[in-house]
Amino acid sequence: MSLLEVKDLSHSYGDKVLYHDASFELYNGEHMGLVGQNGAGKSTLIKTLIGEVIPDDGLIKWFPKASVGHLDQYAQVDAGITVFEYLKQAYADLYRMEERLNGLYEKMAEDTSEKLINQAANLQETLEDRDFYSIESHIYRVAAGLGITAIGMDKVLEKLSGGQRAKVILAKLLLEKPEVLLLDEPTNFLDKEHVEWLSKYLTGFEGAFILVSHDFDFLDQVTTCIGDIEFGTITKYHGNYSAFLKQKGQKREEYIRQYESQKKLIERTEEYIAKNKVRASTAAMAKSRQKKLDKIERMAPPTGLTKPMIRFKSTGITAQRVLEVKDLEVGYYYPLLPKLHFVLEQNQRVVITGFNGIGKSTLLKTLIGEIPPISGRFEFARNVVIGYYEQDLKWEREGQTPLEIITEAFPKLSQKQTRSALSRCGVKAEHVLQPITTLSGGEQSRVKLCKLTLSPCNLLILDEPTNHLDYLAKESLQEALQDFDGTVILVSHEAAFYRDWADKVLEIEKMGF
C-alpha cells in the first residue's frame with residue numbers, strides 16, 4: 001500500500017533547481033534513506049512533505065489515515081517539566097482515557113447501570129490492549145537506549161543541553177509510534193552505543209520511514225531502499241546503502257557506455273556528411289543522414305561529483321609536549337566529570353569519545369578559554385596556535401553571505417582569492433552570495449571549514465565536524481587531517497571516520513584518576 005505519493009515535484013531557490021518533475025512513492029514497511037550532496041535538497045524535501053515548504057509545482061499525497069511523525073530537534077516544549085513528564089506526553093490519549101475510566105468508577109459508586117458498566121469495561125479493555133499498564137517500562141526502555149536515563153529522568157527540560165534536548169524529542173517521537181517517521185539527521189547527537197540501539201530499533205520498526213543521514217554505516221544497517229537526489233531528480237533504488245552504491249555505479253557505467261557509443265555514432269555521421277555533401281553523387285545521401293542526425297535525442301555528457309580540496313595550513317611547533325592537563329574539572333556550575341589528567345604530544349591525533357552530554361564539548365570550550373575551569377589546570381606549549389571548529393552552526397550575523405563572512409575574517413584576500421578558497425571547500429559559486437542561514441547544514445559546515453583552512457595553526461580542536469557533511473566532504477576532511485603537520489584533538493561519534501588514522505581513542509569517562 002502506498003503511504004506517500006510524490007508526483008512531478010518541482011522546486012527552486014532563486015536560480016538553483018532542487019527538483020524538476022521528480023516523482024517517487026513510499027510503501028508500507030519501506031525504510032528509505034535519503035541521500036545526495038550537501039545542498040541537494042534532502043532537508044528541504046522533508047520540510048516539503050510536512051507542509052513547511054510549499055513547492056513550486058507537483059503533487060504530494062499522503063494516505064488519508066496515515067499518522068506521520070517528524071523529528072523536529074528545535075520543537076517548542078514546556079521547559080518547566082521533567083524529562084519523564086515530557087515523555088509521558090507520547091501517551092496523552094491513554095492518560096485521558098484513564099481519567100475517563102476513573103470518572104466512570106466514581107459514578108458507579110452511586111449508579112451501577114449496565115450502560116456505565118459497559119463503558120467502563122470498553123475503556124478498560126482498550127487500555128489493556130494498548131499496553132497502558134506497561135507505559136513506564138516502555139518509556140525507560142527507549143530512554144535507556146538513547147542514553148537519556150544517564151542524564152536523569154527527573155531533570156527539567158530547561159536544564160538540558162541542545163544535544164540532550166534533541167535526544168529527548170527523538171525518544172518521544174519513537175514512543176508515539178506513528179505509521180511513518182520522517183527523520184532528519186537523528187544520529188547527530190548520539191554516541192556510538194546509542195546509534196547502535198537506534199539502528200536495531202529502526203530495523204525492527206514495522207512502519208515506514210524516510211531518513212536523512214550522513215552516517216553511511218548507519219544507513220547501511222537500517223534502510224531497505226534509497227532515494228537519491230541528484231541533478232533535479234529523485235531516483236529510488238531498492239536495497240540498503242551498499243546495494244544502492246553498486247546499482248548507481250552500474251547505472252552510471254551503462255550511461256557512460258551509451259553516451260560514448262552515441263558520441264562515436266554522431267562523430268562518424270558528421271564526418272560522412274562533411275565528406276559527401278559537396279559531391280553531386282552523394283549529396284542526397286548526406287542530406288538524408290543529416291535529417292536522421294537532427295532527430296537524435298542527444299545524451300547529456302556524464303557529470304562527476306566534485307570532491308572538496310580541504311587542506312589545513314600548519315605553523316609548525318618545536319615543543320614535544322603540546323598540552324598537559326592535570327586535575328582539571330570542567331563544567332558550568334558543577335563538575336561534569338572526575339578530575340582529568342592527560343598529556344598530548346606533538347603530531348598526535350587523539351579522538352575523544354563518550355556519552356552525549358557527558359562533557360566532551362565543555363572540555364574543548366574550556367581548553368580554548370571560552371569556559372573557565374572549575375578547578376585544576378592545563379598548560380599549552382608556548383608557541384601553540386589553535387584552530388577550533390565548533391559543533392553548533394552559529395553565526396554572528398545571520399544575513400551575511402559566505403563571501404562576506406570570509407572577507408570579514410580575512411580582509412587582505414582579494415574577492416577572487418576568497419571565492420577560490422570557498423570553492424576548494426566545496427561551496428558552490430551560486431551559494432557564495434546567499435544568506436548563510438538559507439544554506440543547508442552541510443554547506444554551512446563547509447564555510448566554517450573554509451575559515452579554518454585559511455587560519456594557520458599547529459593544533460586543531462574539532463567538535464563533531466562531520467555532522468552535516470556528505471561522503472565526499474568527509475573523505476576530503478579525513479585526508480586533510482591525515483596530512484596535517486600538527487596535532488589534532490577530535491570529538492566524534494563516527495568510528496568509521498577516524499578508526500584508520502587516529503593514534504589514540506580516549507573515552508572521556510576514563511580520562512580521570
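The structure displayed is predicted, hence computed values, not measured ones.

Cut-off values and rules
- In every chain, residue numbers begin from 1 and rise along the written sequence.
- Two thresholds apply to this predicted model, a pLDDT of at least 70 for residue-level local features and 80 or more for giving and counting side-chain atom pairs, whereas whole-chain, interface and lining totals are computed over all residues.
- Side-chain metrics in this entry use all non-hydrogen atoms of the structure; hydrogen atoms and water are not considered.
- Strands are treated as partners if at least two bridges between them are detected by DSSP.
- Only DSSP runs of H or I covering at least 4 residues are called helices, and only runs of E covering at least 2 are called strands; the numbering of each starts at the N terminus.
- To estimate how far a helix should extend, the number of its residues minus one is multiplied by 1.5 Å.
- Relative accessibility decides the category of a residue: with a 1.4 Å probe and only protein chains considered, values under 20% of the type maximum give buried, values over 50% give exposed, and everything between is partly exposed.
- Within this analysis, the arc is defined by the directions that extend from the helix axis to the C-beta atoms.
- We call two residues in contact when some of their heavy atoms are within 4.5 Å.
- As used in this record, nonpolar core signifies buried Ala, Val, Leu, Ile, Met, Phe, Trp, Tyr and Cys residues forming a set joined through side-chain atoms within 4.5 Å.
- Residue ranges assigned to the domains are those given by an automatic or database domain assignment.
- Stacked, edge-to-face and tilted labels apply to pairs of Phe, Tyr and Trp rings (six-membered ring for Trp) whose centres lie within 6.5 Å, assigned for plane angles under 30 degrees, over 60, and everything in between, in that order.

Caption draft 1: Molecular detail of the pairing of strand 2 (residues 16-27). In this structure, strand 1 (residues 2-13) lies alongside strand 2, joined through 8 bridges in antiparallel fashion. In the sheet register, serine 2 faces strand 2, and the bridge partner there is tyrosine 27. Hairpin remark: strand 1 followed by strand 2, antiparallel, with 2 residues in the connecting loop; positive phi at glycine 14, about 60°.

Caption draft 2: Representation of helix 3 (residues 92-108) in the model. Look at helix 3: 24 Å from first C-alpha to last across 17 residues, which is about the 24 Å you get at 1.5 Å a residue. Three or more residues of helix 3 are buried, namely Leu94, Met97, Leu101, Leu104 and Met108. The arc that holds the buried residues of helix 3, viewed along the axis, is 70°, so those residues lie on one side. Of the exposed residues in helix 3, those oriented more than 90 degrees away from the buried face are Arg96, Glu99, Glu106 and Lys107. Structurally, helix 3 contributes buried residues whose contacts are with helix 4 (114-129) and helix 5 (135-145).

Caption draft 3: The nonpolar core, seen in detail. Among the nonpolar cores identified, the biggest contains 56 residues, and Leu87, Leu146 and Leu202 are the most heavily contacted of them. Among the elements that take part in this core, helix 6 (residues 162-176) stands out by supplying 7 residues, more than any other. Residues lining this core come from more than one domain, with at least three contributed by each of domain 1 (1-67 + 178-239) and domain 2 (78-177). Setting aside anything within four residues of it in sequence, one finds leucine 202 in contact with His31, Leu181, Leu183, Phe209, Phe218 and Val222. Counting residues in hydrophobic clusters, the runner-up holds 36 residues, among them Trp395, Leu481, Ala495 and Phe497.

Caption draft 4: View of the domain arrangement of the protein chain. Taken domain by domain, the protein chain consists of domain 1 (1-67 + 178-239), domain 2 (78-177), domain 3 (256-294) and domain 4 (321-510). On a C-alpha basis, the centroid separation for the pair domain 2 and domain 4 is 40 Å.

Caption draft 5: Geometry of the packing of aromatic side chains. Here the structure, examined in full by the defined rule, presents 13 aromatic pairs. Look at phenylalanine 205 and phenylalanine 209: their rings are 6.5 Å apart centre to centre, the planes differ by 35°, and that puts the pair in the tilted class. Given a relative accessible area of 11%, phenylalanine 205 falls into the buried group. Residue classification places phenylalanine 209 among the buried residues on the basis of a relative accessible area of 0%. Ring geometry for phenylalanine 378 versus phenylalanine 380: centroids 5.9 Å apart, planes at 80°, classification edge-to-face. Among the residues examined, phenylalanine 378 registers a relative accessible area of 24% and is labelled partly exposed. Taken together, the ring pairs in this structure connect Phe216, Tyr237, Tyr241, Phe244 and Tyr471 into an aromatic cluster.

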